[in-house]
Amino acid sequence: MKILHIDSNHSLLIDQLNKLGFTNDEDYTSSKSEIEAKIETYDGIVIRSRFTIDQQFLDAATNLKFIGRVGAGLENIDCDYAEKKGVYLISAPEGNRNAVGEHALGMLLSLFNKLNKADIEVRQGKWLREANRGIELDGKTVGLIGYGNMGKAFAKKLRGFDVEVLCYDIKANVGDENAVQISLNDLQEKADVLSLHTPQTELTINMVNSEFINKFKNPFWLINTARGKSVVTEDLVQALKTGKILGAGLDVLEYEKSSFENLFTSSKMPIAFEYLINAENVLLTPHVAGWTIESNIKLSQTIVDKIKAKFC
């Protein structure tokens, strides 16, 4: 079987696939149309996020048996059409779930203890102890929306704290010893912290809007290490201004391109984003929650293992 790699990944991926007898070609620079012109000669393709694999691409891929995405989600692939054509889809949420769980916890603790704000002030010669008095996580109720690999990893990290962890998921019976599954209404009634761990789907795009936010009984903290388009930034900013949202840790933004490599498609910065970058109760990172030294290895290893299990 011939595999085309169109994004660079850890070297173990190609090394191990070579040892398993696959032929591996690399093309990290050709345009989508150029790759589309030759994809019929390949049995498999390995991608991260360089472009979308749509119906036209899949129609050209007449011999394609699998698509491996070195990442957690498959939103850059027309999954329904691929499955209709008998293409096996592989993703690797197991590879970066621990990294995401740690990042979410780190953002939450940083917000609670004003670490980013305090660090900047001390570097400027300011020693403002009372202004940087934090709050403790113990005693809080943490609500998770999405309780798959990422949500479960975050809940596991919370076991050392005296917190109540609740989860909501469209799938039934996913709760475990680390989180009690409840309805969305009940989660909005009880949560002091909301952490998103959902894929990008029609159900989750623009999910966190003003109507959604205002259904929470208490002011709450928001952590988003999932997908940026799940949160309407203008509505988030309004909630931050009114105090309905007490602070936000955002690893993802709705302004991201699908490749995740660049932020804005134009040079004009949205007004809502200008507010975020100047807000002391907002912590921003560039879509790196699952982007660790260890996850780079584990993501590639997961793809190899799944290809091996299916085709060897």
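Just so we're clear, the structure is a prediction, and the values are computed from it rather than from any experiment. (Residues numbered from 1 in each chain as written. Predicted model: local features only at pLDDT ≥ 70, side-chain atom pairs only at ≥ 80, totals over all residues. Heavy atoms only, no water.)

J.: I would appreciate a short explanation of helix H11 (residues 271-278) in the present structure.
T.: Note that an α-helix has 3.6 residues per turn; residues three or four places apart therefore point the same way. For H11, the set of buried residues is Ala272, Phe273 and Leu276. Viewed end-on, H11 has its buried residues packed into an arc of 95°, placing them on one side of the element. Turned more than 90 degrees away from the buried face of H11, the exposed residues are Ile271 and Asn278. In this structure, the buried residues of H11 make contact with helix H10 (233-242), strand E11 (245-250) and strand E12 (282-284). (Buried < 20%, exposed > 50% of the residue type's maximum accessible area, 1.4 Å probe, protein only. Helix = DSSP H or I, 4+ residues; strand = E, 2+ residues; numbered from the N terminus. Arc of directions from axis to C-beta. Contact = heavy atoms within 4.5 Å.)

J.: Explanation requested: helix H12 (residues 293-311) in the structure shown.
T.: Taking 1.5 Å per residue as the helical rise, H12 with its 19 residues ought to reach 27 Å, and the 28 Å between its terminal C-alpha atoms agrees with that figure. For H12, every residue scored as buried is listed here: Ser295, Leu299, Ser300, Thr302, Ile303, Val304 and Ile307. Contact partners of the buried residues in H12: helix H1 (11-19), strand E4 (66-69), strand E5 (88-90) and helix H5 (93-112). (Expected span 1.5 Å × (residues − 1).)

J.: Looking at this model, I keep getting lost on the sheet that holds strand E3 (residues 44-47). Mind explaining?
T.: The pairing of strands in a sheet comes from backbone hydrogen bonds and takes either a parallel or an antiparallel form. Taken together, five strands build an open sheet; the order of strands is E2-E1-E3-E4-E5 and the sheet is parallel. Strands with a single pairing partner mark the edges of an open sheet, and in this sheet they are strand E2 (23-26) and E5. Geometrically, the sheet is characterised by an average inter-axis angle of 20° between neighbouring strands, direction not taken into account. Bridge analysis of E3 against E4 gives four bridges, and the strand direction is parallel. Looking at E4, one finds that Ile45 is bridged to Ile67. Here H12 sits on the sheet and contacts E4 and E5; the angle it forms with E5, its principal contact strand, is near 155°. (Pairing = 2+ DSSP bridges. Axes fitted to C-alpha atoms, helices over the stretch in contact; angles between N-to-C directions.)

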